[in-house]
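Observations on chain architecture
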Amino acid sequence: MEEKVNVLISEEEVDKRIKEMASELSRKYKGSTVHMIGILKGSIMFLSELSKHMTVPVTMDFMAVSSYGNGTSSSGQVNLKLDLSVDIEGRDVVVVEDILDSGRTLSYVVELLKSRNPETLKVVTLLDKPDRRVVPVELEMTGFEIPDRFVVGYGLDYAEKYRNLPYIGALD
């Protein structure tokens, strides 16, 4: 049985907000190189679009961290599946995440990266779902605050499906 996906945030709204975020980050990091760390797999589309609109030099790396498996709620257990390929000491680092939900995954990532002594460490997320937060995470910027619904599209999935949708949809 196919799940029903209802558009929550349109492709046009997502594109416009990402361009605004890139512009703001470019202003904040003028004169610097930003080292963006995408959290796989969900951040890939957001990271790609965000970096494409940056006007400062950007380098990239990736981490794979999971707390979901194939369900629609966090398991509570965070697993590091893929670590960085380069040293971040002394770099201006921006963690790029698809969604901030419970906060467990991002909190884990932030603490791990802080221990590696970056010059600066900021977090940007496309979506923020504050009603689900159990662990606080400081955000530099968020694209959209959303209600407590399970969302897919623009990199977010349900059992590996729907990542390719060009909008954010609510799975009903």
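Structure's up top.
These lines cover the structure that appears in this document, whether it is placed above or below. (Residues numbered from 1 in each chain as written. Predicted model: local features only at pLDDT ≥ 70, side-chain atom pairs only at ≥ 80, totals over all residues. Heavy atoms only, no water.)

1. Topic: the packing of helix α1 (residues 11–28) against helix α2 (residues 44–52)
One way to put it is that α1 packs onto α2 with a least axis distance of 8 Å and a crossing angle of 55 degrees. One element, α1, and the other, α2, form an angle in the oblique class. Considering how the two elements wind past one another, α1 and α2 form a crossing that is right-handed. Side by side, α1 and α2 meet where I18, M21, A22 and L25 of the first sit next to F46, E49 and L50 of the second. The residue makeup of the contact of α1 with α2, split by class, is 6 nonpolar, no polar and 1 charged. (Axes fitted to C-alpha atoms, helices over the stretch in contact; angles between N-to-C directions. Helix = DSSP H or I, 4+ residues; strand = E, 2+ residues; numbered from the N terminus. Parallel < 35°, antiparallel > 145°, perpendicular 65-115°, else oblique. Left-handed = near helix turned anticlockwise from the far one by under 90°. Contact = heavy atoms within 4.5 Å. Nonpolar A, V, L, I, M, F, W, Y, C, P; charged D, E, K, R; others polar.)

2. Here's the deal with unusual backbone geometry
Peptide bonds are trans in most cases, and residues, glycine excluded, mostly fall at negative phi. Following L40, the chain continues into K41 via a peptide bond in cis, with omega recorded as 0 degrees. Within the secondary structure layout, K41 lies in the loop between β2 (34–40) and α2. Phi at Y154 takes a positive value of approximately 50 degrees, unusual for a residue other than glycine. With respect to the element layout, Y154 can be found in the loop between β8 (151–152) and β9 (168–171). Taking relative accessible area as the criterion, Y154 reaches 5% and is therefore assigned buried. For Y162, which is not glycine, the phi dihedral falls at a positive 80 degrees. Relative to the helices and strands, Y162 is located in the loop between β8 and β9. What makes Y162 buried here is its relative accessible area of 13%. (Buried < 20%, exposed > 50% of the residue type's maximum accessible area, 1.4 Å probe, protein only.)

3. Concerning the nonpolar core
Counting 27 residues, the largest nonpolar core has F46, L50, V124, L127 and I168 as the members making the most contacts within it. Sorting the residues of this core by element identifies α1, β2, α2, β5 (92–100), β6 (120–128) and β7 (141–145) as the ones contributing at least two each. Counting residues per element, this core draws most heavily on α1, which supplies 5 residues. Excluding residues within four positions of it along the chain, L50 makes contact with I18, M21, A22, L25, M36, V96 and V124. V65, V109, L121 and V137 belong to the second largest nonpolar core, which has 17 residues in total. (Core = buried A, V, L, I, M, F, W, Y, C linked by side-chain atoms within 4.5 Å.)

4. Details of helix α3 (residues 104–114)
Where α3 is concerned, the buried positions are T105, L106, V109, V110 and L113. Taken end-on, α3 shows its buried residues confined to a sector of 125 degrees, consistent with a single buried face. Those residues of α3 hidden inside the fold are in contact with β2, β3 (58–66), β5 and β6. (Arc of directions from axis to C-beta.)

5. A word on the packing of aromatic side chains
The way to describe two aromatic rings as a pair is by their centre distance and the angle between their planes. Enumeration over the complete set of coordinates arrives at 1 aromatic pair. Between F150 and Y158 the ring centres are 6.0 Å apart and the planes differ by 80 degrees, which places this aromatic pair in the edge-to-face class. F150 sits in the buried class, given a relative accessible area of 17%. Judged by relative accessible area, which is 22%, Y158 ranks as partly exposed. (Phe/Tyr/Trp six-rings, centres within 6.5 Å; stacked < 30°, edge-to-face > 60°.)

Geometric descriptors of this kind do not, in isolation, establish any biological role.
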